Amino acid sequence: MSSIDYLALAPHITLTAAIMLLVLLVSFWRNHLAAMILTVGGFAGAFAALFFAIRTATWEVTPLYLFDGFAAFFDGMILIAAAVTALISFRYLDGRTGRQEEYYLLLALATLGAMTLVSAQHFASLLLGLEIVSISLYALVAYPEEGNPPLEAALKYLVLSGVGSTIMLFGMALVYHATGTMAFDEMGRFAATGDRSDLWLAAGQAILVAGIAFKLSLVPFHMWTPDVYQGAPAPVTAYLATVSKAAVFAVLLRFAFRTDMLDNGAVFGIVAIMAILSMVAGNLLALLQESVKRILAYSSIAHLGYLMIGLLAVAALADHAMALETSLVFLAGYLAMTLTAFAVVTELTPADRATDVDLVNDYTGLFWRRPVLASVFTVALLSLAGIPLTAGFIAKFYLFAAGVEGALWTLIWAMILGSAISIYYYLKIVFAMTARADDVQHRSASWAGTVTAVGLALLVVALGTYPTPLIELVRMLVDGIG
């Protein structure tokens, strides 16, 4: 390997070194605070290494791995989200039974797998990154040891995620049978010169998309999501809803762009149908929930449906750069507001409680008990609803503009309908927080958790009021996917 190869791999090497140090720390010195600090430091070091790696511009390290501006953007988002998860996890885990240091090791390993996914340009690296993420999450969902809900959620996620991976493998096999290659670029060249109507190729791509839809929780492959989100610890749910979804969508977007998969009408139609069902069904099912985490789960399903508009715009728009810009801006906003919401849920859950503070009734009078956290949660919910001056509004505006330019009218109307429905269940939580509670208890919040939540809320507002820096960053890096 050349020096440029090592430079392109600098973020991965830095995070891997931090993981090895964490293994040694856990082996010789059991200290929860030290494990958290080393983990966050590893994420920060890997993020700093991105500024050196980006100097390589677009660089193919091996036929399996490509570092470019597209990968750098997703790596940055993943590392920031992972660091936030580690920070909000500390207070949540501190004081609970069992050893907590391995939690951070699993979190770092899952993040390394996610970074591998976003640079994958071959089925082998795609599967490798996906399994590193999935296997780490199986154990993370089961934390902490006390209580049955995390174990039940982990078992459901293990079984159904395994089914999704199996479906993906079958789709990969059919695509390989049709094209004779597992490299994305070579599949793209086959699509340009070969027979697009090849039955094996179309079937393989459709089955592969179905397997990825399991990982993204798109309807009708969403069944596991509400149960796993509700049963998993709140910070793990935050990670599952943000980092794992972002990584899987990144590799899907790269695959679709490089192979022209969406030029196949059948595949395009399947993705469009799943997007519409996710937008409508996700919001309708959220109306029936009294669990905040289940509401956020169905909201996540709906938002992934919205995100599919950005994916489909790759085929619908002549200007691919706009489609990519739309997807990346939406995803950045989604990660910020989802992390904000789960940071509040995490901070409200005391260490002596076996289950999370989850029911809507548990939030009654929150404005009178913890006004700062209630305000932060309100910002997150309004952003998820797409209210102006928040990141959610800018994100949905981008999707609307791309959908209109690409004449994706059915998808646009589904997004409008879903967004209108969502306002009800988001405001239901806000109204509960503003209601006067009979027994108001002013229990103090942790300083670190409150600062983290407030910082995330300020980011959500900043992205909604002044999104120019984010947009310019995306435009600067978006050409890297080519």
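Numbers given to residues run from 1 along each chain, matching the order in which its sequence is written. Per-residue local features are limited, in this predicted model, to residues with pLDDT of at least 70; the limit for side-chain atom pairs, both in listing and counting, is 80 or more; totals at the level of whole chains, interfaces and linings are taken over all residues. For side-chain calculations, the full set of non-hydrogen atoms in the structure is used, while hydrogens and water are omitted.

A.B. asks: A description of a nonpolar patch on the surface should follow, citing residues and the corresponding values.
C.D. replies: On the surface, Phe 400, Val 404, Trp 409, Trp 413 and Ile 416 cluster together into a nonpolar patch covering about 510 Å² of accessible area. Secondary structure elements are taken from DSSP: a helix is a run of H or I of four residues or more, a strand is a run of E of two residues or more, and numbering for both begins at the N terminus. Residue assignment for the nonpolar patch shows that the elements contributing at least two residues are helix 17 (391-405) and helix 18 (409-434). Tallying contributions element by element places helix 18 first for the nonpolar patch, with three residues. Take Trp 409: it is sitting in helix 18. Burial classification: accessible surface area is computed with a 1.4 Å probe over protein chains only, and a residue below 20% of its type maximum counts as buried, one above 50% as exposed, and the rest as partly exposed. For Trp 409, a relative accessible area of 47% translates into the label partly exposed. The patches described consist of residues with a relative accessible area above 30% and no salt bridge, like charges being joined within 9 Å and nonpolar side chains (Val, Leu, Ile, Met, Phe, Trp, Tyr) within 5 Å. For the accessible areas, the method is Shrake-Rupley and the probe is 1.4 Å, while residue cover comes only from the protein chains on display. When a carboxyl oxygen of Asp or Glu lies within 4 Å of a side-chain nitrogen of Lys or Arg, that pair is called a salt bridge.

A.B. asks: Lay out the layout of surface pockets in plain terms, naming residues and giving numbers.
C.D. replies: In this analysis the probe radius is 1.4 Å and the grid spacing 1 Å, with only protein atoms considered; a cavity is a set of points the probe fits into but cannot get out of, a pocket is an open set with protein on both sides within 12 Å along at least five of seven lines, and lining residues have an atom within 4 Å of a point. Grid points are joined across faces, edges and corners, and a volume is the space filled by probe spheres set on the points. Here the largest pocket defines a volume of roughly 580 Å³. Considering the residues around the largest pocket, the lining is formed by 23 residues, among which Phe 73, Gly 76, Met 77, Ile 80 and Leu 473 are closest to the centre. Elements with a minimum of two residues in the lining of the largest pocket: helix 3 (32-53), helix 4 (69-93), helix 14 (320-348), helix 19 (447-465) and helix 20 (468-477). It is helix 4 that provides the largest number of residues to the lining of the largest pocket, a total of seven residues. Amino acids are sorted into nonpolar (Ala, Val, Leu, Ile, Met, Phe, Trp, Tyr, Cys and Pro), charged (Asp, Glu, Lys and Arg) and polar (every other residue, Gly among them). Its residues assigned to classes, the lining of the largest pocket shows 22 nonpolar, one polar and no charged.

A.B. asks: For the environment of Ala 275, give the residues involved together with the corresponding values.
C.D. replies: Note that Ala 275 resides in helix 12 (residues 265-286). Judged by its relative accessible area of 0%, Ala 275 is buried. Taking C-alpha positions, Ala 275 is 7.6 Å from Val 219, a pair spaced 56 residues apart along the chain. In this structure Ala 275 touches Gly 305, Met 308 and Leu 411, once residues within four positions along its chain are discounted. Contacts are assigned to residue pairs with any non-hydrogen atoms lying within 4.5 Å of each other.

A.B. asks: Give me the lowdown on the pairing of strand 1 (residues 59-62), citing residues and values where you can.
C.D. replies: What makes two strands pair is DSSP finding at least two bridges between them. Here three bridges tie strand 1 to strand 2 (residues 65-67), and the two strands are oriented antiparallel to one another. The partner of Trp 59 across the bridge, within strand 2, is Phe 67.

A.B. asks: How would you sum up helix 16 (residues 371-385)? Please name residues and give values.
C.D. replies: For helix 16, which comprises 15 residues, the first-to-last C-alpha distance of 21 Å matches the rise-based estimate of 21 Å (1.5 Å per residue) to within 8%. Residues of helix 16 that are buried include every one of Leu 373, Ala 374, Val 376, Phe 377, Thr 378, Ala 380, Leu 381, Ser 383, Leu 384 and Ala 385, and no others. Tucked inside the fold, the buried residues of helix 16 contact helix 13 (292-316), helix 14, helix 15 (366-369), helix 17, helix 18 and helix 19. A positive backbone phi angle near 85° is found at Gly 386, which sits one or two residues after helix 16. To estimate the expected span of a helix, count its residues, drop one, and scale the result by 1.5 Å.

A.B. asks: Before we move on, can you summarise the packing of aromatic side chains with the specific residues and values?
C.D. replies: Each aromatic pair joins two rings of Phe, Tyr and Trp (for Trp, the six-membered one) with centres within 6.5 Å, and gets the label stacked for planes under 30 degrees apart, edge-to-face for over 60, and tilted for any other angle. Taken as a whole and assessed by the stated rule, the structure comprises 14 aromatic pairs. Taking 5.5 Å as the distance between ring centres and 65° as the angle between the ring planes, the aromatic pair formed by Tyr 138 and Tyr 157 counts as edge-to-face. Remark: Tyr 157 occurs in helix 7 (residues 148-179) and Tyr 138 occurs in helix 6 (residues 123-141); sequence separation between them is 19 residues. Both residues of the pair, Tyr 138 and Tyr 157, belong to the buried class.

A.B. asks: Please set out the side chain of Lys 215 residue by residue, giving values where relevant.
C.D. replies: Along the polypeptide, Lys 215 turns up in helix 9 (residues 199-216). Engagement of the side chain of Lys 215 in a polar contact is seen with the side chain of Ser 165, the distance being 3.0 Å. Sequence-distant contacts of Lys 215, defined by excluding residues within four places in its chain, comprise Leu 130, Ser 134, Ser 161, Gly 164, Ser 165, Met 168, Trp 224, Lys 245 and Val 248. Pairing of N or O atoms within 3.5 Å defines a polar contact, subject to two protein rules: one partner must be a possible hydrogen donor and the other a possible acceptor, and residues neighboring in sequence count only if both atoms are side-chain atoms.

A.B. asks: Describe unusual backbone geometry, with residues and values.
C.D. replies: Following Val 219, the chain continues into Pro 220 via a peptide bond in cis, with omega recorded as 10°. Locating Pro 220 in the fold gives a position in the loop between helix 9 and helix 10 (224-231). Despite not being glycine, Ser 217 shows a phi value in the positive range, around 65°. Among the secondary structure elements, Ser 217 is positioned in the loop between helix 9 and helix 10. The phi dihedral of Ala 407 falls on the positive side, at around 60°, and the residue is not glycine. Mapped onto the secondary structure, Ala 407 falls in the loop between helix 17 and helix 18.

A.B. asks: Tell me about the confidence of the model for the protein chain, and please be specific about residues and values.
C.D. replies: Detailed reading of the predicted coordinates is not advisable wherever pLDDT falls low. One confidence number per residue, pLDDT, is output by the predictor and ranges from 0 to 100. Here the protein chain averages 87 in pLDDT, and 94% of its residues register 70 or above. Per-element averaging of pLDDT across the protein chain places helix 8 (residues 184-193) at the bottom with 78 and helix 16 at the top with 93.

A.B. asks: Could you give me a rundown of the side chain of His 303, with the residues and numbers involved?
C.D. replies: Relative to the elements of secondary structure, His 303 occurs in helix 13. Under the relative-accessibility criterion, His 303 is labelled buried at 2%. A polar contact of 3.2 Å, which involves the side chain of His 303, links it to the backbone oxygen of Leu 384. Setting aside its immediate chain neighbours within four residues, His 303 contacts Phe 330, Tyr 334, Met 337, Leu 384, Lys 396 and Tyr 426.

A.B. asks: Could you give an account of the pattern of salt bridges, with specific residues and numbers?
C.D. replies: Enumeration according to the criterion identifies 10 salt bridges in this entry. Arg 254 is the partner of Asp 68 in a salt bridge, and the nearest nitrogen-oxygen pair spans 2.9 Å. Note that Asp 68 is positioned in the loop between strand 2 and helix 4 and Arg 254 in helix 11 (residues 234-259), a separation of 186 residues in sequence. Here Arg 254 falls in the buried class, since its relative accessible area comes to 0%.

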